[in-house]
Amino acid sequence: EAQVTQNPRYLITVTGKKLTVTCSQNMNHEYMSWYRQDPGLGLRQIYYSMNVEVTDKGDVPEGYKVSRKEKRNFPLILESPSPNQTSLYFCASSWERSTDTQYFGPGTRLTVL
Amino acid sequence: AQSVTQPDIHITVSEGASLELRCNYSYGATPYLFWYVQSPGQGLQLLLKYFSGDTLVQGIKGFEAEFKRSQSSFNLRKPSVHWSDAAEYFCAVGAGLTGGGNKLTFGTGTQLKVEL
């Protein structure tokens, strides 16, 4: 089954404790992206990747890091999480670019205390 | 910079009634336009998209949208709403081919409630 998976689905952590949210897709897509969803703000793009070793900032990259060492994986790293990073995070992938149909993961709800 | 405005935060309709969700965009060239739907507790799913050709676009689940360049709008419509259509709907704009197609900008969403 074609899908985008994210882990963990729910995470509660404390300020400053490094964490990684994994994202994996099995569709051989070149484009992958991370979004955060906050009430009243919709989805905002954090980082995206056009291919292996090619990443770039979205609209709200501060406080986040990503890497793309393999085509299927695109982890989101929070080196020192803060409460304002409490949010619902979505990973998405598409064939070549953001304007191709994007397939979204189920989301990761992160709470930073 | 591209942007999207969805002026209605919440909309309530009765089952069987028609639906129109509004979307206005700002983009300097020919945009790619999308409607995505998010059911409770789920990720987003593409309903339809427009990038050229016929300005009336048909999507899944009986939805359609019309691109009106003069009004910078891409409103979503459905002639008869079903209770299962209750969800949050997001309009999005992306750069065309000349813009590299790297970034997708979403609106803030419209929450649809369906009364039985």
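Residues numbered from 1 in each chain as written. Chains lettered and ligands numbered in written order. Predicted model: local features only at pLDDT ≥ 70, side-chain atom pairs only at ≥ 80, totals over all residues. Heavy atoms only, no water.

## As for the packing of aromatic side chains
Right, so step 1: With the rule as written, the count across this model stands at 15 aromatic pairs over all chains.
Right, so step 2: Seen in terms of ring centroids, A:Tyr35 and B:Phe106 are 5.4 Å apart; in terms of plane orientation they differ by 85 degrees. Their pairing is edge-to-face. You can see A:Tyr35 sitting in strand β4 (residues 31-38) and its partner B:Phe106 sitting in strand β11 (residues 104-106), one on each of two chains. Here A:Tyr35 and B:Phe106 have matching classes, each one buried.
Right, so step 3: Between the aromatic rings of B:Tyr50 and B:Phe74, the centroid separation amounts to 6.4 Å while the plane-to-plane angle is 45 degrees, which identifies the pairing as tilted. Here the residue B:Tyr50 occupies a position in strand β6 (residues 44-50), and B:Phe74 occupies one in strand β9 (residues 73-78), the gap between them amounting to 24 residues. There is no split in this pair, since B:Tyr50 and B:Phe74 are both buried. (Phe/Tyr/Trp six-rings, centres within 6.5 Å; stacked < 30°, edge-to-face > 60°. Helix = DSSP H or I, 4+ residues; strand = E, 2+ residues; numbered from the N terminus. Buried < 20%, exposed > 50% of the residue type's maximum accessible area, 1.4 Å probe, protein only.)

## A closer look at unusual backbone geometry
Note on backbone geometry: most residues besides glycine have negative phi, and most peptide bonds are trans.
All names here are of chain A.
Right, so step 1: The omega torsion across Asn 7 and Pro 8 is -5 degrees, close enough to zero to call that bond cis.
Right, so step 2: Secondary-structure assignment places Pro 8 in the loop between β1 (4-7) and β2 (10-13).
Right, so step 3: For Glu 53, which is not a glycine, the phi torsion comes out positive at approximately 65 degrees.
Right, so step 4: Its location among the elements puts Glu 53 in the loop between β5 (42-51) and β6 (54-57).

## Observations concerning the interface of chain A and chain B
Right, so step 1: Counting from both sides, the interface comprises 22 residues of chain A and, opposite them, 23 residues of chain B.
Right, so step 2: Of the roughly 1,700 Å² buried at the junction of chain A and chain B (both faces included), carbon and sulfur atoms supply 52%.
Right, so step 3: On the chain A side of the contact with chain B, A:Leu43, A:Thr99 and A:Phe104 bury the most area, a combined 31% of that side's loss.
Right, so step 4: Counting the contacts that link chain A with chain B gives zero salt bridges.
Right, so step 5: Taken together, the links from chain A to chain B amount to three residue pairs in polar contact (both at pLDDT 80 or more).
Right, so step 6: For the side of chain A that touches chain B, the elements supplying multiple residues, two or more each, are β4 and β5 of chain A.
Right, so step 7: Broken down by element, the residue count for the side of chain A that touches chain B peaks at five residues, all from β5(A). (Contact = heavy atoms within 4.5 Å. Buried area = accessible area lost by both parts, 1.4 Å probe. Salt bridge = Lys/Arg side-chain N within 4 Å of Asp/Glu carboxyl O. Polar contact = N/O pair within 3.5 Å; in protein donor to acceptor, adjacent residues only side chain to side chain.)

## Looking at a nonpolar patch on the surface
Residue and element names in this part refer to chain A.
Right, so step 1: Together, Ile 12, Val 14 and Leu 113 give the surface a local cluster of nonpolar side chains, amounting to about 320 Å² of exposed area.
Right, so step 2: Structurally, the position occupied by Leu 113 is in the segment after β11 (108-112).
Right, so step 3: Taking relative accessible area as the criterion, Leu 113 reaches 59% and is therefore assigned exposed. (Patch = residues over 30% accessible without salt bridge, like charges linked within 9 Å, V, L, I, M, F, W, Y side chains within 5 Å. Areas by Shrake-Rupley, 256 points an atom, 1.4 Å probe, with all protein chains shown as cover.)

## Comments concerning the layout of surface pockets
Over the atoms, a rolling probe the size of a water molecule traces out where space has been left empty.
Right, so step 1: A volume near 390 Å³ is recorded for the largest pocket.
Right, so step 2: Along the wall of the largest pocket there are 19 residues; nearest its centre are A:Tyr103, A:Phe104, B:Gly43, B:Leu44 and B:Gln45.
Right, so step 3: Mapped onto the lining of the largest pocket, the elements with two or more residues apiece are β1 and β10 (103-104) of chain A together with β6 of chain B.
Right, so step 4: For the lining of the largest pocket, the leading source of residues is β6(B), giving three residues.
Right, so step 5: Grouping the constituent residues of the lining of the largest pocket by class yields nine nonpolar, nine polar and one charged.
Right, so step 6: Its boundaries defined by the atoms lining it, the second largest pocket holds a volume of some 280 Å³.
Right, so step 7: As for the second largest pocket, its lining consists of 18 residues, and the residues nearest its centre are A:Asp38, A:Pro39, A:Gly40, B:Glu88 and B:Thr108.
Right, so step 8: Counting only elements with at least two residues in the lining of the second largest pocket, the list comes to β4 and β9 (87-94) of chain A together with β10 (87-94) and β12 (110-115) of chain B.
Right, so step 9: Tallied by class, the residues present in the lining of the second largest pocket amount to five nonpolar, ten polar and three charged. (1 Å grid on protein atoms, 1.4 Å probe; cavity = no way out; pocket = protein on both sides within 12 Å on 5 of 7 lines; lining within 4 Å. Points joined across faces, edges and corners; volume = space filled by probe spheres on them. Nonpolar A, V, L, I, M, F, W, Y, C, P; charged D, E, K, R; others polar.)

## A closer look at the nonpolar core
Right, so step 1: Grouped together as the largest cluster of nonpolar side chains are 26 residues, with contacts concentrated most on B:Leu19, B:Trp35, B:Leu47, B:Leu48, B:Phe74, B:Leu76 and B:Tyr89.
Right, so step 2: Where this core is concerned, the elements lending two or more residues are β2 (10-14), β3 (19-21), β5 (32-38), β6, β8 (64-68), β9, β10 and β12 of chain B.
Right, so step 3: It is β10(B) that contributes the most residues to this core, four residues altogether.
Right, so step 4: Among residues more than four places away in sequence, those in contact with B:Leu47 are B:Trp35, B:Tyr36, B:Val37, B:Gly59, B:Ile60, B:Lys61, B:Phe63, B:Leu76 and B:Tyr89.
Right, so step 5: Membership of the second largest hydrophobic core comes to 19 residues, among which are A:Val21, A:Met27, A:Met32 and A:Trp34. (Core = buried A, V, L, I, M, F, W, Y, C linked by side-chain atoms within 4.5 Å.)

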